[in-house]
2 protein chains.
Amino acid sequence: MELKKYLGCSRAARKLQPADLVLKNARIVNVFTDRVEEGNVAVTNGMIVGIGDYEGRKVIDLEGKYLTSGFIDAHLHLESTLVNPQVLISKAEEHGTTTFIVDPHEVANVSGTAGIDYLLSQTANLPAHVYVMIASCVPSTPIDDNGCTLDAAAMKKYLDNNRVLGLGEVMDCMSVINGDPSMNEKIELFDGKVKDGHAPNLSDEELAAYVMAGVTTDHEGTTYEYVMKERSMGMTCHIREGSAARNLEMIVRGIVENNTNTEGFCFCTDDKHIEDINREGDIDHNVRKAVSMGISPIAAVKMATIQPARCYGLRRTGAVAPGFDADLVVWDSLKNFNAQMVFFKGQLVTRKYVKMPACPPQLMDTVHIGPIDPKKLELRADGKQFPAIRMIPGQILTERADIGLPADPQTGLFRPDGKVDKIAVFERHHATGKVGVGAVLNFGLQGGAIASSVSHDSHNIIAIGDNDADILAAVRELQRTHGGYTIVQDGQVYDTLELPVMGLISDQSYSYVSKKLKKLITRAHRMGVPKDMAPFITLSFMALPVIPSIRLTPRGVYSVTESKFLTGPEAENP
Amino acid sequence: MELKKYLGCSRAARKLQPADLVLKNARIVNVFTDRVEEGNVAVTNGMIVGIGDYEGRKVIDLEGKYLTSGFIDAHLHLESTLVNPQVLISKAEEHGTTTFIVDPHEVANVSGTAGIDYLLSQTANLPAHVYVMIASCVPSTPIDDNGCTLDAAAMKKYLDNNRVLGLGEVMDCMSVINGDPSMNEKIELFDGKVKDGHAPNLSDEELAAYVMAGVTTDHEGTTYEYVMKERSMGMTCHIREGSAARNLEMIVRGIVENNTNTEGFCFCTDDKHIEDINREGDIDHNVRKAVSMGISPIAAVKMATIQPARCYGLRRTGAVAPGFDADLVVWDSLKNFNAQMVFFKGQLVTRKYVKMPACPPQLMDTVHIGPIDPKKLELRADGKQFPAIRMIPGQILTERADIGLPADPQTGLFRPDGKVDKIAVFERHHATGKVGVGAVLNFGLQGGAIASSVSHDSHNIIAIGDNDADILAAVRELQRTHGGYTIVQDGQVYDTLELPVMGLISDQSYSYVSKKLKKLITRAHRMGVPKDMAPFITLSFMALPVIPSIRLTPRGVYSVTESKFLTGPEAENP
């Protein structure tokens, strides 16, 4: 800390000068003693300088309300929320989240370091701590068709950036375990820094080998038993409540039933749409839900504050104590957790717009599809078993369902029948013309097509429909808008949410995005997508070849469990 | 980790090749889940690779005995044990301590960076983790007369040493709080690294200012209330059981009575003589005592393993889990904690002597006393109140006692009377001839003098006696031996333990040191030093002007509480 700043703080701490701000009559959650203490919190130069009988130039009487440190989202992808990072962070901050550990994985897959630099620049001057974990698996696996490859050499320039804390979720577990040299190079590059994990369903032996490489966190645990296996090996487990993946209930139930020590747990959202944050909250939602299930409020607050701070080596974040940044949230109660006031470095957070650097033009033109041949969408329905994707509501896991495809009696080709839909993925970065086609169960879409240029992790164009014409029209629409979400019915575009920034992010206001999104989602449900399934988010995970058990890529249907293509040119028996 | 090493570990973890070593039928203390689990621990390349059903090239059946990670001494001064670091570490390791966080404060005060380099070189190739915190207060205060000054510029060379973890105990609290530029420079130099504290008896406001500078640990807490004040500000508290300072009982009693979460506590010895380690143990003693007082064995093990490891950023130390160094201790029970076998990086620790680099000759010639004028030892006993030092058994704190000095009726000079002894400190680094003289209560020495060249932190020659002739003879004896402990009676040297390495460390074997020490200590007690007081260690703290409340330096009697000299040339009213 600069000496002049320190001296101001030290003098204020010792009451030799008034503090800048005093929050008086607070009920302070002390994450070190596990006590709630009544007191006045003095803030100077953006830092908490003392708790006690202080005088301040500005005084706010909290009238006995609860005070905690700002919450920390231990793992999220800012891009997944469709809006400009500023809009998302401002919304999350209203709910008490002031620190964000961001993996710019999506922008990196589309635009490489230019994407990461964009994200860093957009979040540099916000009234929030935004830290970045450098995306480790771009592309996520060697079988992906994405926009850019991010190797250790490209990552080097981030090592000295004090907003870069380590290596982002290492999804390609097998490359780690098998000692793939290029993966090892990335891991070595971030030696001594945090390496986030992504390890659903590893065996005990594989997980041991994975952890041994220095990976210390995971946010993919879906059961209590699995996260306790991870905990037993020292991993920190981020309990996720996102828009699509909701793992809190399963894990917290186990914690409560087994009276498990929560010191190795944090909270995260991973991927959460802004309208969900608006509706149910951000990390405050995780905390509220955990408390409602029986976690003690202080333990829950620790999981949202000091524990993620310690996990990521943030020495001045996560506690209401001297020397910590004055990121402070006033809550109505430790049950409802409704944020009444939010401070970042001692300043009351308002929704004031911060002017951001413009988006470089090349990041606004990233959708490049090869010539589209309708024939490529055809799939023979010859009575043989076809490996279809069965979706699971509330999960991003899928199951393989070997089925006989419903056929058009005249052509002998697969024709969706209301139970089985067609799914297609179009490579969109390098105009290679690759198209993968498959079948999907449980999506229920009828009378049109739905498409998205957000499709993890390569962000090719993914579409589901019950007829080829609408699928093709949807893809052409997203070509026109440089990316987005769209619905097409009877050859007509119903509506499109444009996402021109790398095909991932809108350049419009929140209300514009929100309105469009609501309209599109409502229509998707009317077209048959079950109520308990988020249509676009669920769609966006169907091309992700690192989460079990079966996915579709531009190269064909892929078994994640078996690490092999089941259809397409790279399959053994196509 | 080097790829080849990792691959061997990964393959062994996945049972593709046998492990180097398997410890089977262990009861493993899992510090992450707080459970004791039965299992077999596989070790390869010095690392734990898995727990489960493993085969090994070497198998040891633990027959249900308990297994923990090696214990960590969170803070110690190796020099205080008088023997070569190797001897001390080998002895501590027999008791299950495999990691040592060392502050080379004493050698730095005598010989500066040459002393630190000596300590680093002596501990580089031992079968133990020895980490160094660079001594921050050399000299401990501006009023000290020590051998060397260690400023930020001199410390720079240690920044990239991976055995150097941060800045050693910052004893000069007021320099920190007042923003002294040279102190600030040292603190800034170690930005992002751990800064150990030393903060007995600060007010709430002072402690807040101190913590704010980035100091995160303290080992000086003597009461539960004080350590909880430190905990409430996020400090990690090292519970100390040394030879002289025994703080465990007071603190642990409070923890047990208040059911306090122990996650912010560690154990340390600080200053512990090898014969005390031999007699009652090292960190195992802290653990055993804490458990006997009601701390759960798993909590106590965490305080001795994962908690200090996390505190100092040691990512591969402190747990029995994959990816952690195979520093393992087999215990008879979680009550007695008798170490049965100790492994360092998978190798059984034996008492094999490791050849060390020789001590540079200039470090063997550091005792330089100016001409000794017996007149300087005289103290007028004119009936006025004199600020005497009252010793407290089992503490290194002292109390001021204003007394009328007993007088020789003929000369009117202070003459010890069996209740009040004379104490003197002779500057010994730069032959300045400075001598401080005072009076001490509760030491009880009669019929001679006792002297030491170990006297924190400046390590001048300190002596206590009941007559000037014996005090002077003792000082001359230590001049002859280049430092040591000595007892003189009736002008004759009773015996001397020579400590020629910087006047702090012996160049002889443990048995030589131990025998001499025992002889000297026994004699000191016979001469009147109370049984519950360690004669030489207690003596060695009487010149330390950073611990309340009163001390003697070569410049005179010093009030730590008031930060001023009470006698001598620098006193206001000498």
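Residues numbered from 1 in each chain as written. Chains lettered and ligands numbered in written order. Predicted model: local features only at pLDDT ≥ 70, side-chain atom pairs only at ≥ 80, totals over all residues. Heavy atoms only, no water.

Trainee: Just to check I follow, could you spell out the confidence of the model for chain A for this structure?
Mentor: Close inspection of predicted coordinates is inappropriate for parts of the model with low pLDDT. On average, residues of chain A score 95 in pLDDT, and 100% of them reach the 70 mark or higher. The ipTM, which scores confidence in the relative placement of chains, is 0.89 for this predicted complex, and the corresponding pTM is 0.91. (pLDDT = per-residue confidence, 0-100.)

Trainee: How do you make sense of the relation of the copies chain A and chain B when you look at a structure like this?
Mentor: What relates the two chain copies is a rotation about an axis together with a slide along it. Mapping chain A onto chain B calls for a rotation angle of 180 degrees and an axial translation of 0.1 Å; the resulting RMSD is 0.0 Å. Given the turn and translation reported, the copies of this chain are related as if by a two-fold rotation axis. (Least-squares fit on C-alpha atoms with pLDDT ≥ 70 in both.)

Trainee: Would you mind going over the interface of chain A and chain B with me for this structure?
Mentor: Note on interface size: it is often stated as the accessible area lost on association of the parts. Each partner contributes residues to the interface: chain A has 54 residues there, and chain B has 54 residues. Summing the contributions of chain A and of chain B, the shared interface buries around 4100 Å²; its carbon and sulfur component is 51%. Sorting the residues of chain A by area buried against chain B places Y6, R14 and M212 of chain A first, and these three jointly supply 17% of that buried surface. For the salt bridge of E263 of chain B with K302 of chain A, the shortest nitrogen-to-oxygen distance reads 2.7 Å. Inspection of the chain A/chain B interface yields 26 residue pairs in polar contact (both at pLDDT 80 or more). Among the secondary structure elements, those contributing two or more residues to the side of chain A that touches chain B are α1 (3-13), β2 (35-44), β3 (47-51), α5 (173-177), α6 (181-189), α7 (204-212) and α8 (224-232) of chain A. Broken down by element, the side of chain A that touches chain B gets its largest block of residues, seven residues, from α7 of chain A. (Contact = heavy atoms within 4.5 Å. Buried area = accessible area lost by both parts, 1.4 Å probe. Salt bridge = Lys/Arg side-chain N within 4 Å of Asp/Glu carboxyl O. Polar contact = N/O pair within 3.5 Å; in protein donor to acceptor, adjacent residues only side chain to side chain. Helix = DSSP H or I, 4+ residues; strand = E, 2+ residues; numbered from the N terminus.)

Trainee: Please explain the side chain of T33 of chain A as it appears in this structure.
Mentor: Turning to its location among the elements, T33 of chain A is positioned in the loop between β1 (19-30) and β2. A distance of 3.3 Å separates the side chain of T33 of chain A from the side chain of E37 of chain A, its partner in a polar contact. Excluding residues within four positions of it along the chain, T33 of chain A makes contact with M228, R231 and S232 of chain B.

Trainee: Teacher, can you tell me more about the pairing of β1 of chain A here?
Mentor: As a general feature of sheets, a regular strand has side chains that alternate between the two faces. Residues and elements named next belong to chain A. Relative to strand β4 (residues 56-61), β1 is paired through five bridges, and the arrangement is parallel. Residue pairing across strands places K24 opposite D61, the latter belonging to β4. Pairing of β1 with β2, which is carried by eight bridges, proceeds in the antiparallel orientation. The residue of β2 that forms the bridge with L23 is V41. Linking β1 back to β2 in an antiparallel pair, the connection comprises four residues, with D34 at a positive phi of about 60 degrees. Here β1 runs beside strand β5 (residues 66-69); their pairing, made up of two bridges, is parallel. Paired with R27 across the strands is Y66, a residue of β5. (Pairing = 2+ DSSP bridges.)

Trainee: Explain the nonpolar core to me, please; I cannot follow it from the model alone.
Mentor: In terms of nonpolar packing, the biggest core is built from 84 residues, with F426, F443, I450 and Y485 of chain A touching the most fellow members. When residues in this core are grouped by element, the largest group, six residues, is from helix α14 (residues 468-480) of chain A. With 83 residues, the next largest nonpolar core counts I423, A463, L478 and L566 of chain B among its residues. (Core = buried A, V, L, I, M, F, W, Y, C linked by side-chain atoms within 4.5 Å. Buried < 20%, exposed > 50% of the residue type's maximum accessible area, 1.4 Å probe, protein only.)

Trainee: Would you take a moment to explain α7 of chain A for this structure?
Mentor: One turn of an α-helix holds 3.6 residues; hence residues three or four places apart share an orientation. Buried residues of α7 of chain A: L207, A208, A209, Y210, V211 and M212 of chain A, and no others. G214 of chain A lies just past α7 of chain A and shows a positive phi near 105 degrees.

Trainee: I would appreciate a short explanation of the sheet that holds strand β26 (residues 556-559) of chain A in the present structure.
Mentor: Two strands in a sheet stick together by hydrogen bonds in their backbones, pointing the same way (parallel) or opposite ways (antiparallel). All names here are of chain A. Spatially, β25-β26-β27 is the arrangement adopted by the three strands of the open sheet, whose pairing is antiparallel. Each having just a single partner strand, β25 (550-553) and β27 (564-565) make up the two edges of the open sheet. Note that β25 and β26 share four bridges and pair antiparallel. From the neighbouring strand, I550 faces β26, where its bridge partner is S559.

Trainee: What should I look at first to understand the pattern of salt bridges in this one?
Mentor: Between side chains of opposite charge, a pair can form as their charged atoms come close. Taken as a whole and assessed by the stated rule, the structure comprises 65 salt bridges over all chains. The residue E249 of chain B makes a salt bridge to K289 of chain B at a minimum N-O spacing of 3.7 Å. Taken as a pair, E249 of chain B in helix α10 (residues 248-258) and K289 of chain B in helix α12 (residues 283-292) lie far apart in primary sequence, 40 residues in all. The shortest N-O distance in the salt bridge between K564 of chain B and E562 of chain B comes to 3.8 Å. Residues participating in the shared-partner salt-bridge network are E241, R246, E249, R253, K272, D276, R279, E280 and K289 of chain A.

Trainee: Even after reading the chapter, I still don't get helix α2 (residues 85-94) of chain A, so can you show me in this structure?
Mentor: All names here are of chain A. Burial within α2 is extensive, with seven of its 10 residues counted as buried. Every buried residue of α2 is accounted for by P85, Q86, L88, I89, K91, A92 and E93. Two to three positions downstream of the cap, the backbone nitrogen of Q86 sits 2.8 Å from a side-chain oxygen, assigning the N-cap of α2 to N84.

Trainee: Help me understand the packing of helix α11 (residues 283-293) of chain A against helix α12 (residues 297-304) of chain A, please; the structure alone is not making it clear to me.
Mentor: A packed helix pair is summarised by two numbers, namely the angle formed by the two axes and the spacing between the axes. All names here are of chain A. Close contact between α11 and α12 brings their axes to 9 Å; oriented N to C, the two are set at 150 degrees. The orientation of α11 with respect to α12, classified from their angle, is roughly antiparallel. α11 and α12 meet at a crossing whose hand is right-handed. Of the residues in α12, those in contact with I283, V287 and V291 of α11 are P297, A300 and A304. (Axes fitted to C-alpha atoms, helices over the stretch in contact; angles between N-to-C directions. Parallel < 35°, antiparallel > 145°, perpendicular 65-115°, else oblique. Left-handed = near helix turned anticlockwise from the far one by under 90°.)

Trainee: Is there a simple way to explain the side chain of T217 of chain A in this structure?
Mentor: All names here are of chain A. Locating T217 in the fold gives a position in strand β11 (residues 217-218). On the accessibility criterion, T217 (0% relative accessible area) is buried. At 2.6 Å, the side chain of T217 and the side chain of D196 are in polar contact. Not counting chain neighbours up to four residues away, the residues in contact with T217 comprise V194, K195, D196, G197, H198, M235, T236, H238, C311 and Y312.

Trainee: In this structure, what is going on with the packing of aromatic side chains? I would like to understand it.
Mentor: How two aromatic rings sit relative to each other is given by the distance of their centres and the angle of their planes. Residues and elements named next belong to chain B. For the coordinates displayed, the defined rule picks out 12 aromatic pairs over all chains. Ring centres of F32 and F324 lie 5.9 Å apart, and the angle between their planes is 50 degrees; this geometry places the pair in the tilted category. Of the two residues, F32 is situated in the loop between β1 (19-30) and β2 (35-44) and F324 in the loop between α14 (306-311) and β14 (328-331); the sequence distance between them amounts to 292 residues. Ring geometry for W331 and F337: centres 5.4 Å apart, planes at 75 degrees, overall edge-to-face. (Phe/Tyr/Trp six-rings, centres within 6.5 Å; stacked < 30°, edge-to-face > 60°.)

Trainee: Got a minute to help me understand the sheet that holds strand β24 (residues 492-498) of chain B in this structure?
Mentor: All names here are of chain B. Within the open sheet, the eight strands sit side by side as β18-β17-β20-β19-β22-β21-β23-β24. Their pairing is mixed. Edge strands, defined here as strands with exactly one partner in the open sheet, are β18 (398-404) and β24. The average angle at which neighbouring strand axes cross in this sheet is 25 degrees, direction not considered. Relative to strand β20 (residues 435-441), strand β19 (residues 420-426) is paired through seven bridges, and the arrangement is antiparallel. What sits directly across from I423, in β20, is G438. Against the sheet, helix α15 (residues 468-480) engages β19, β21 (449-452), β22 (461-465), β23 (484-489) and β24, with an angle of about 145 degrees to β23. Strand contacts of helix α16 (residues 510-526): β21, β23 and β24, with the helix running at about 140 degrees to β24, the strand carrying the most contacts.

Trainee: What am I meant to see in the environment of R14 of chain A here?
Mentor: Its location among the elements puts R14 of chain A in the loop between α1 and β1. Judged by relative accessible area, which is 18%, R14 of chain A ranks as buried. In sequence terms R14 of chain A and V49 of chain A are 35 residues apart; their C-alpha atoms lie 8.7 Å from each other. Side chain to side chain, R14 of chain A and N178 of chain B meet in a polar contact 3.2 Å long.

Trainee: What should I look at first to understand the environment of G214 of chain A in this one?
Mentor: Among the structural elements, G214 of chain A can be located in the loop between α7 and β11. Overall, G214 of chain A belongs to the buried group, its relative accessible area being 17%. Sequence separation between G214 of chain A and M527 of chain A is 313 residues; the distance between their C-alpha atoms is 46 Å. Non-local contacts of G214 of chain A, meaning those with residues more than four positions away in its chain, are made with K195 of chain A together with R316 of chain B.

Trainee: What's the story with the environment of Y512 of chain A in this structure? I'm lost.
Mentor: All names here are of chain A. Within the element layout of this structure, Y512 appears in helix α15 (residues 510-526). For Y512, a relative accessible area of 27% corresponds to the partly exposed category. It is 46 Å that separates the C-alpha atoms of Y512 and S232, two residues lying 280 residues apart in sequence.

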